Amino acid sequence: MFDIRFLRRLFGGFLISLALGHSSATADPPAVAAPPKTAAPAAPTKEPALPPALTHYMGREIAPAMGYQHAAWLIRPSRQQEEDCATLLKALQFKPGQIVCDLGCGNGFYTLKIAPQLLPGGKVLAVDIQPEMLQMLNESARLAKVDNVEPVLGTIINPRLPAGKVDLVLCVDAYHEFSHPVHMLREIRKSLAPHGRLVLVEFRAEDPNVPIRPLHKTTKAQVEKELTANGYKLVEQFDKLPWQHVLYFERDDNWQEPAKP
Ligand SMILES: C[S@@+](CC[C@H](N)C(=O)[O-])C[C@H]1O[C@@H](n2cnc3c(N)ncnc32)[C@H](O)[C@@H]1O
């Protein structure tokens with residue numbers, strides 16, 4: 001799984017993201033680094049032209065992506081105590097054979113914990129827009145001898161998932177960074193298997209005691225408003241984590257996509 005095909009995908013996708021003019025805003029934590037100026041010219045691609053990155057969506061300010069330089073924060077020893085990751089994993093009730101997407105996987109903190117729970121027969125599609133994050137994940141997976149992980153270099157408008165196949169798309173602390181939420185939600189919707197779910201785990205903006213900067217927090221009401229507007233319905237919630245809310249969505253098959261102006 002971590003072979004030349006992975007590298008081809010990694011660098012092929014990287015060139016595509018250069019072609020798409022990957023955004024490089026900075027904030028807290030620092031954003032995705034700008035692509036190196038010496039990079040080879042982008043290969044021709046069939047990706048649609050990139051619409052401008054949004055600064056706001058439905059009244060919410062979008063946070064810049066957390067740069068790979070800060071990946072160590074994602075695997076800090078205090079994370080379990082602060083976020084109670086074990087309880088989140090238990091609540092998600094993974095099953096053998098499932099195809100799970102860890103969307104915005106970073107350096108793979110959750111990917112590596114989920115993958116063994118999907119055996120036999122299942123796998124994690126680990127998607128991120130930063131090749132450096134996927135390289136770190138790749139190395140950790142190799143050391144941990146986890147081989148049912150497929151790293152996928154997404155773009156800021158497309159996670160490149162197979163249509164109709166994914167049982168669960170998990171987004172931990174990542175949705176609020178999507179610079180193109182409408183595009184991403186459209187692609188995720190297409191990727192879901194019948195009764196597949198999108199689970200958003202976000203820091204609670206309702207709670208001033210959650211020690212995360214406001215730009216990286218969302219309210220339940222805001223998330224539900226955005227997801228409903230994009231063809232999802234809220235089907236379940238989990239409120240027992242110390243810092244985050246967990247919102248489970250399914251496709252709303254009665255939803256009509258608004259006509260393009
Ligand atoms: C704060 S990190 C969280 C990483 C991981 N989910 C975790 O909890 O350890 C957010 C990640 O989302 C990624 N990201 C931001 N926008 C994305 C997009 N449109 N598609 C895929 N990944 C994205 C960033 O590159 C970053 O690695």
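From a predicted model like this one, the values you see are computed outputs, not experimental measurements.

**Things to note about the site of the ligand**
Line of reasoning, step 1. Around the ligand lies a shell of 23 residues, among which Leu74, Gly104, Gly106, Val172 and Ala174 are the nearest.
Line of reasoning, step 2. Those elements giving two or more residues to the shell around the ligand turn out to be α4 (109-114) and β4 (123-128).
Line of reasoning, step 3. For the shell around the ligand, the class distribution of residues is 16 nonpolar, four polar and three charged.

**Quick look at the environment of alanine 221**
Line of reasoning, step 1. With respect to the helices and strands, the residue alanine 221 is situated in helix α7 (residues 220-228).
Line of reasoning, step 2. The spatial distance from the C-alpha of alanine 221 to the C-alpha of glutamate 206 is 9.6 Å, given a sequence separation of 15 residues.

**Remarks on the pairing of strand β5 (residues 149-153)**
Line of reasoning, step 1. In terms of burial, β5 is a largely internal element, four of the five residues being buried.
Line of reasoning, step 2. Pairing analysis gives five bridges linking β4 to β5, with the strands arranged parallel. Bridge assignment links valine 127 to a residue of β5, and that residue is valine 152.

**Here we look at the pairing of strand β7 (residues 192-204)**
Line of reasoning, step 1. Note that strand β6 (residues 166-172) and β7 share six bridges and pair parallel. Paired with leucine 168 across the bridge in β7 is arginine 197.
Line of reasoning, step 2. At this point the chain moves from β6, through helix α6 (residues 181-191), to the parallel β7, and the crossover so formed is right-handed.
Line of reasoning, step 3. Where β7 meets strand β10 (residues 244-251), seven bridges bridge the pair, whose relative direction is antiparallel. Its bridge partner being in β10, phenylalanine 203 is matched across the sheet by glutamine 244.
Line of reasoning, step 4. With two bridges joining them, β7 and strand β8 (residues 217-218) adopt parallel strand pairing. Paired with arginine 204 across the bridge in β8 is threonine 218.

Quick notes on the rules
- Residues numbered from 1 in each chain as written.
- Predicted model: local features only at pLDDT ≥ 70, side-chain atom pairs only at ≥ 80, totals over all residues.
- Near = placed C-beta within 6 Å.
- Helix = DSSP H or I, 4+ residues; strand = E, 2+ residues; numbered from the N terminus.
- Nonpolar A, V, L, I, M, F, W, Y, C, P; charged D, E, K, R; others polar.
- Buried ≥ 20, exposed ≤ 12 C-beta atoms within 10 Å, placed from the backbone.
- Pairing = 2+ DSSP bridges.
- Right-handed = clockwise from strand over helix to strand, strands pointing away.

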